[in-house]
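Here is how the chains run, residue by residue.
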Amino acid sequence: VVVQAGAANSRVAIVDVDGLLLNAPFVGPMSVGENPVAHFKEKLDAAAADGCVKAVVLRVNSPGGGVAACQAMRAELGRFRAATGKPVVACVLDQACGGAYLLATGADTIVAGPASVTGGVGVVLNLFNLRDLMAQFNVIPQTIKAGDKVDLGTSARALTGPEKEILQTMADEFHAQLKADVTAARPALDPREGTTLDGRIFTASQAHARGLIDGIADLDGAIRLAACRAGVDGPPQVVLYRRPNDPAHSIYAVTANVPLQGAGLLPNIPGLDRSKLPTFLSLWQPELAVEKMGGK
């Protein structure tokens, strides 16, 4: 879909990444959307196949998502760059945190709007002990298991000390992977400083000072930068890749992506309404059910 007029033989493609990033379908009763990983791959394939596309703007507005899903998306972006040689500029809109920031580091250049939030490079595993709540409804687990740790993380009881240690070791390993990938992609970043990759978030100016991003610019600026990097003379035509039933009329158009979480018809009870979320997440999400909000 053409969202900004320009030379048709010199296109800049916007590959939009919005909302919670999970390797899971978001379709079904009371939900809207697709598997973000699969959809992202389709958009990159379309940009690679279009000979008129000279550059790509990765438009990111996401708190992050599953560690594995975000790593897979970043790997796909790396393969796209290696196969096509087309410059990629990542543009952070409202936010690109955790795994979404990791994805942005797969671009040649990262810019962010002056009011953007980014960083949040950490790993979280949200587990809940619902034993007392279940007892109020006379729900009493009767577990039969073979293998002492096979129900590790169950909401039917509290974690033991050794179980916490197992999960903490896994979270630390995933965090180390994220830090290594970000450090390799961002040579201006000083990992010895100790606070840049500890999970905290930053404003665009703070992120720029720490080497997390290359500059401060809005989406129009990112498009101009991508066109310049590709050697495009004059205003390029800007396109978005959409389904036939998903129109786009501006460079900010967003596809609805509402996970299967009850669509707000039931009370928000942490632990009960997060069945579609993965285990280890890299995201900034102070409100545990924020994925229900904003059509994302």
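Provided above is the structure to which this section pertains.
As a starting point, this report considers the structure included with it. (Residues numbered from 1 in each chain as written. Predicted model: local features only at pLDDT ≥ 70, side-chain atom pairs only at ≥ 80, totals over all residues. Heavy atoms only, no water.)

## Overview of the overall build of the protein chain
Link 1 in the chain: Broken down by element type, the protein chain carries seven helices and twelve strands.
Link 2 in the chain: When burial is assessed residue by residue, the protein chain has 45% of its 296 residues classed as buried.
Link 3 in the chain: Within the protein chain, counting contacts between residues at least 6 apart in sequence, those at least 24 apart form 74% of the total.
Link 4 in the chain: Accessible surface for the protein chain amounts to roughly 14,000 Å². Of this, 57% is attributable to carbon and sulfur atoms. (Helix = DSSP H or I, 4+ residues; strand = E, 2+ residues; numbered from the N terminus. Buried < 20%, exposed > 50% of the residue type's maximum accessible area, 1.4 Å probe, protein only. Contact = heavy atoms within 4.5 Å. Areas by Shrake-Rupley, 256 points an atom, 1.4 Å probe, with all protein chains shown as cover.)

## Details of helix H7 (residues 219-229)
Link 1 in the chain: For H7, the set of buried residues is Leu219, Gly221, Ala222, Ile223, Ala226 and Ala227.
Link 2 in the chain: The secondary structure elements touched by the buried residues of H7 are strand S2 (7-18), strand S3 (53-62), strand S5 (88-97), strand S6 (109-112) and strand S11 (236-240).
Link 3 in the chain: Between the side-chain oxygen of the N-cap and the backbone nitrogen of Asp220 there are 3.3 Å, and the N-cap of H7 in question is Asp218.
Link 4 in the chain: Directly after H7, the chain includes Gly231, whose backbone phi takes a positive value near 75°. (Polar contact = N/O pair within 3.5 Å; in protein donor to acceptor, adjacent residues only side chain to side chain.)

## Let's talk about the pattern of salt bridges
Link 1 in the chain: Scanning all chains against the criterion turns up 21 salt bridges.
Link 2 in the chain: Arg243 is paired through a salt bridge with Glu42; the nearest N and O atoms lie 3.0 Å apart. Taken together, the residues Arg243 in the loop between S11 and strand S12 (280-283) and Glu42 in helix H1 (residues 36-49) connect sequence positions 201 residues apart.
Link 3 in the chain: Bridged by salt links that share partners, the residues Asp16, Asp18, Lys43, Arg59, Arg242 and Asp246 form one connected network. (Salt bridge = Lys/Arg side-chain N within 4 Å of Asp/Glu carboxyl O.)

## Considerations on the sheet that holds S12
Link 1 in the chain: Strand order in this open sheet of three strands is S4-S12-S8, and the pairing throughout is antiparallel. Of all strands in the sheet, those bounded by a partner on one side alone are strand S4 (64-66) and strand S8 (124-125).
Link 2 in the chain: Across two bridges, the pairing between S8 and S12 is antiparallel. In the strand pairing of S12, Leu125 is matched with Phe280.
Link 3 in the chain: Its contacts with the sheet put helix H5 (residues 161-185) on S8 and S12, and the angle it makes with S12 is roughly 40°. (Pairing = 2+ DSSP bridges. Axes fitted to C-alpha atoms, helices over the stretch in contact; angles between N-to-C directions.)

## Looking at the nonpolar core
Link 1 in the chain: Counting residues in each nonpolar core, the largest one holds 45 residues, and the members touching the most others are Phe40, Val56 and Leu58.
Link 2 in the chain: The contacts of Val56, once residues within four sequence positions are left out, are Ala13, Val15, Ala47, Phe80, Pro87, Val88, Val89 and Ala226.
Link 3 in the chain: Ranked by size, the runner-up nonpolar core spans 20 residues in total, among them Val3, Ala55, Val89 and Ala226. (Core = buried A, V, L, I, M, F, W, Y, C linked by side-chain atoms within 4.5 Å.)

## As for the side chain of Arg74
Link 1 in the chain: The residue Arg74 is located in helix H2 (residues 67-84) in this model.
Link 2 in the chain: No salt bridge is formed by the buried Arg74; its nearest oppositely charged neighbour, Asp181, is found at 4.7 Å.
Link 3 in the chain: A polar contact is formed between the side chain of Arg74 and the side chain of Thr105, at a distance of 3.0 Å.
Link 4 in the chain: In contact with Arg74, not counting residues within four places along its chain, are Leu102, Leu103, Thr105, Gly106, Asp181 and Ala185. (Lys, Arg positive; Asp, Glu negative; His and termini not counted.)

## Digging into the packing of H1 against H2
Working note: a packed helix pair is described by the angle between its axes plus the distance between those axes.
Link 1 in the chain: Running from N to C, H1 and H2 point in directions that differ by 5°, and their axes come no closer than 10 Å. Classified by the angle between their axes, H1 and H2 sit roughly parallel to one another. On the side of H1, the interface is formed by Pro36, Val37, Phe40, Lys41, Leu44, Ala47 and Ala48, while H2 contributes Ala69, Ala72, Met73, Glu76, Leu77, Phe80 and Thr84.
Link 2 in the chain: Its residues assigned to classes, the contact of H1 with H2 comprises eleven nonpolar, one polar and two charged. (Parallel < 35°, antiparallel > 145°, perpendicular 65-115°, else oblique. Nonpolar A, V, L, I, M, F, W, Y, C, P; charged D, E, K, R; others polar.)

## Topic: the environment of Ala222
Link 1 in the chain: As for its placement among the helices and strands, Ala222 is situated in helix H7.
Link 2 in the chain: By relative accessible area, which is 0% here, Ala222 ends up buried.
Link 3 in the chain: With 164 residues separating them along the chain, Ala222 and Leu58 place their C-alpha atoms 9.1 Å apart.
Link 4 in the chain: Excluding anything up to four places from it in sequence, Ala222 contacts Val57, Val89, Cys91 and Val111.

## Side note on the packing of aromatic side chains
Link 1 in the chain: The tally for this structure, following the rule as stated, stands at one aromatic pair.
Link 2 in the chain: A ring pair is formed by Phe174 and Phe280, whose centres lie 5.0 Å apart and whose planes are at 70°; its orientation type is edge-to-face. Highlighted residues: Phe174 in helix H5 and Phe280 in strand S12, separated in sequence by 106 residues.
Link 3 in the chain: Taking the relative accessible area as the measure of exposure, Phe174 reaches 21% and is therefore partly exposed.
Link 4 in the chain: Owing to a relative accessible area of 10%, Phe280 belongs among the buried residues under this scheme. (Phe/Tyr/Trp six-rings, centres within 6.5 Å; stacked < 30°, edge-to-face > 60°.)

## A look at unusual backbone geometry
Link 1 in the chain: Backbone geometry places Asn138, a non-glycine residue, at a positive phi of 60°.
Link 2 in the chain: Within the secondary structure layout, Asn138 lies in the loop between helix H4 (131-136) and H5.

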